[in-house]
Amino acid sequence: MHKKIYVFVVLVSCWLLALPALAQDSIPAKKVEMADRLRADGKIYVVIAVLVIILSGLILYVARLDRKIGKIEKEIS
Amino acid sequence: MLRQKWWKIVCVAALLYTFIAGFLGPVPAKPILNETIRNLYFHVAMWFSMMIFFIVSVIYSIKYLRKPNPVFDIYALEYAKAGIVFGCLGVLTGSMWAGFAWGAFWSNDPKQLGAIIALLIYLAYLVLRNSMTDMDKRARIGAVYNIFAFAMLFPTIWIIPRMVESLHPGGLGGNPAFKDLDPRMEAVFWPGAVPGWCLLGVWITTLRIRLQLVVEKRILSNA
């Protein structure tokens, strides 16, 4: 079981390392407006921070629920 | 599998990667879509997860019909519920995205209509189950209906939207902005968004299954 996981992780990381070679930039014909300046200002990091807080809060909530159900399972068996 | 820990850690890592790389990572600059192209990591991942949950659900329904074990019925029901939740989130996020990319929150696009019909068919699964009080009958008829509901997914979301004009990518004429996915986006979508959201759904579903199993056990021990 652990060997399989290990092989999977190695394969995925090899693929991730090869990605920059696969990614080729194509120059757009017309300048398209993107939020580049927003990211340069660093403001996008605020959004990411907020989202990561929400995500970790939800994960923590689910993890605690997981532990509570585990306890009840032990009690009943 | 139900109580192991490693895949929950994989889930959290994949979701964190999706949220961070999904917003900071490079995306192709496309007109109209602009930065909303990043919705792919969230909106499309909902549908991938929904499809996987419905596949797992129908497998357990078939298992139940082959060998009527009530545990299989609990699995089929909870995975179908998870699929419905993710499907609803997919419709809502899609509608939000369409409001700003296509100019209307709802434009009766064939894929929008197909997805709604598919979800209604699955909601009928829950209604049908709750209309019966006999446990065995409920599980058996539910399993048969679940196979029908799964079969209906193919025409409603896989075949018809591809045969007609659609604003979604993949239809006739199709959406030129999404001709093929940028490899830089694939690097977030495949290793991050799809396994992350899918495993989160599986985690919540296994919790519901474990709760149902505990409830069932308590009923049996009290009787």
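Residues numbered from 1 in each chain as written. Chains lettered and ligands numbered in written order. Predicted model: local features only at pLDDT ≥ 70, side-chain atom pairs only at ≥ 80, totals over all residues. Heavy atoms only, no water.

1. Points about the confidence of the model for chain B
- The predicted model of chain B has a mean per-residue pLDDT of 92, with 97% of residues at 70 or higher.
- Taking the mean pLDDT of every element in chain B, the minimum, 93, falls on helix α6 (residues 183-222) of chain B and the maximum, 97, on helix α4 (residues 110-130) of chain B. (pLDDT = per-residue confidence, 0-100. Helix = DSSP H or I, 4+ residues; strand = E, 2+ residues; numbered from the N terminus.)

2. Remarks on the state of the cysteines
Residue and element names in this part refer to chain B.
- Within the structure shown, the criterion is met by zero disulfides over all chains.
- With no disulfide of its own, cysteine 11 has cysteine 198 as its nearest cysteine by sulfur position, at a separation of 9.2 Å.
- Taking relative accessible area as the criterion, cysteine 198 reaches 10% and is therefore assigned buried. (Disulfide = S-S within 2.5 Å. Buried < 20%, exposed > 50% of the residue type's maximum accessible area, 1.4 Å probe, protein only.)

3. Quick word on the side chain of aspartate 66 of chain A
- With respect to the element layout, aspartate 66 of chain A can be found in helix α3 (residues 43-76).
- Aspartate 66 of chain A gets classed as buried once you look at its relative accessible area, which sits at 10%.
- Leaving out residues up to four positions away in the same chain, aspartate 66 of chain A has contacts with Lys8, Trp203, Leu207 and Arg210 of chain B. (Contact = heavy atoms within 4.5 Å.)

4. A word on the confidence of the model for chain A
- When the pLDDT values of chain A are averaged, the result is 74; 56% of them are 70 or greater.
- Per-residue pLDDT, averaged within each element of chain A, yields its smallest value for helix α2 (residues 36-41) of chain A (60) and its largest for α3 of chain A (87).

5. Remarks on a nonpolar patch on the surface
Residue and element names in this part refer to chain B.
- Side chains of Met96, Phe100, Phe105, Trp106, Leu113, Ile116, Ile117, Leu120 and Leu123 sit close together on the surface and give an oily, nonpolar patch of about 860 Å² of accessible area.
- Broken down by secondary-structure element, the contributors of at least two residues to the nonpolar patch are α3 (70-101) and α4.
- For phenylalanine 105, the position within the fold is in the loop between α3 and α4. (Patch = residues over 30% accessible without salt bridge, like charges linked within 9 Å, V, L, I, M, F, W, Y side chains within 5 Å. Areas by Shrake-Rupley, 256 points an atom, 1.4 Å probe, with all protein chains shown as cover. Salt bridge = Lys/Arg side-chain N within 4 Å of Asp/Glu carboxyl O.)

6. A word on the packing of aromatic side chains
Residue and element names in this part refer to chain B.
- Evaluation of the coordinates by the stated rule reveals 17 aromatic pairs over all chains.
- Taking the centre distance of 6.3 Å and the plane angle of 75 degrees together, the rings of phenylalanine 42 and tryptophan 197 count as edge-to-face. A residue pair is termed long-range when its members are at least 10 positions apart, and phenylalanine 42 in helix α2 (residues 40-66) and tryptophan 197 in helix α6 qualify at 155 residues.
- Looking at tryptophan 197, the relative accessible area reads 12%, which means it is buried.
- An aromatic cluster is present here, built from Phe19, Phe23, Tyr41, Phe42 and Trp197 joined pairwise through their rings. (Phe/Tyr/Trp six-rings, centres within 6.5 Å; stacked < 30°, edge-to-face > 60°.)

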